[in-house]
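Now for the letters of each chain:
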Amino acid sequence: MIVTLEALKHLRMAVHDARVVVQGFGNVGGMAAKLMARVGFNIVAVIEVDGAVYNAAGLDIQALMEHRKDTGSVKGFAGGEEIDPGEAMFLECDVLLPAATENVITSANADRIRARIICEGANGPTTVVADEILQRKGSS
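What this report covers is the structure whose coordinates are included nearby. (Residues numbered from 1 in each chain as written. Predicted model: local features only at pLDDT ≥ 70, side-chain atom pairs only at ≥ 80, totals over all residues. Heavy atoms only, no water.)

Quick look at the sheet that holds strand E3 (residues 51-54)
Taken in spatial order, the 6 strands line up as E4-E3-E2-E1-E5-E6 in an open sheet, and their pairing is mixed. Strand pairing shows two members of the sheet lacking a second neighbour, strand E4 (81-83) and strand E6 (115-118), which therefore form its edges. Strand-to-strand, the axes of this sheet are offset by a mean angle of 25°, without reference to chain direction. Direction of pairing for strand E1 (residues 19-23) relative to strand E2 (residues 42-48): parallel, over a ladder of 5 bridges. Each residue of the ladder has a partner; that of Val20, found in E2, is Ile43. (Pairing = 2+ DSSP bridges. Helix = DSSP H or I, 4+ residues; strand = E, 2+ residues; numbered from the N terminus. Axes fitted to C-alpha atoms, helices over the stretch in contact; angles between N-to-C directions.)

Looking at helix H2 (residues 27-39)
Residues spaced three or four apart along an α-helix point in a common direction, a consequence of the helix completing one turn every 3.6 residues. If you check H2, its first and last C-alpha atoms are 19 Å apart, about what 13 residues at 1.5 Å a residue would give, namely 18 Å. Every buried residue belonging to H2 is among Gly29, Gly30, Ala32, Ala33 and Met36, and all of these are buried. On an axial view of H2, the arc spanned by its buried residues comes to 165°, and they lie on one face. Among the exposed residues of H2, those pointing more than 90 degrees away from its buried face are Asn27 and Arg38. Along its buried surface, H2 packs onto helix H1 (2-11), E1, E2, helix H3 (61-71) and strand E5 (93-98). Phi turns positive one or two residues past the end of H2, at Gly40, with a value near 110°. (Expected span 1.5 Å × (residues − 1). Buried < 20%, exposed > 50% of the residue type's maximum accessible area, 1.4 Å probe, protein only. Arc of directions from axis to C-beta. Contact = heavy atoms within 4.5 Å.)

A short note on the nonpolar core
Among the nonpolar cores identified, the biggest contains 23 residues, and Met36, Ile43, Val46 and Leu64 are the most heavily contacted of them. Elements supplying a minimum of two residues to this core: H1, E1, H2, E2, H3 and E5. Broken down by element, this core gets its largest block of residues, 3 residues, from H2. Beyond its immediate sequence surroundings of up to four residues, Leu64 is in contact with Phe25, Val46, Val53, Leu59, Val74 and Phe77. Counting residues in hydrophobic clusters, the runner-up holds 21 residues, among them Ala88, Ile105, Ala115 and Ala130. (Core = buried A, V, L, I, M, F, W, Y, C linked by side-chain atoms within 4.5 Å.)

Encoded structure:
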């Protein structure tokens, strides 16, 4: 979150205007989403291995965490619509936070990323070649 706040300053963007997609809702992604929502980021999508939820107006992260605790999944969350987890990472957003596994952004999909800022929470979520593609596209 702190790195993302600094990137927003650099881009002269307001926190409350920043739409965030979080890939992974475990220790890293879940805590990042919770903290980011608390300071005013608009978390529009959360992606897990078994499903993804989206709400253009922003997800209620606390309610989503409670839903996941009760059901074991983000699927079925009343505060958002279910979307294809394989496609959710490619939603237009200001911040993409890959916080699950390594190598999720590769040369095969980097050109489909539509985020201004990529804030890596996972260990090595972006391959070297993908990073070069993203640099050419202008993602930070």
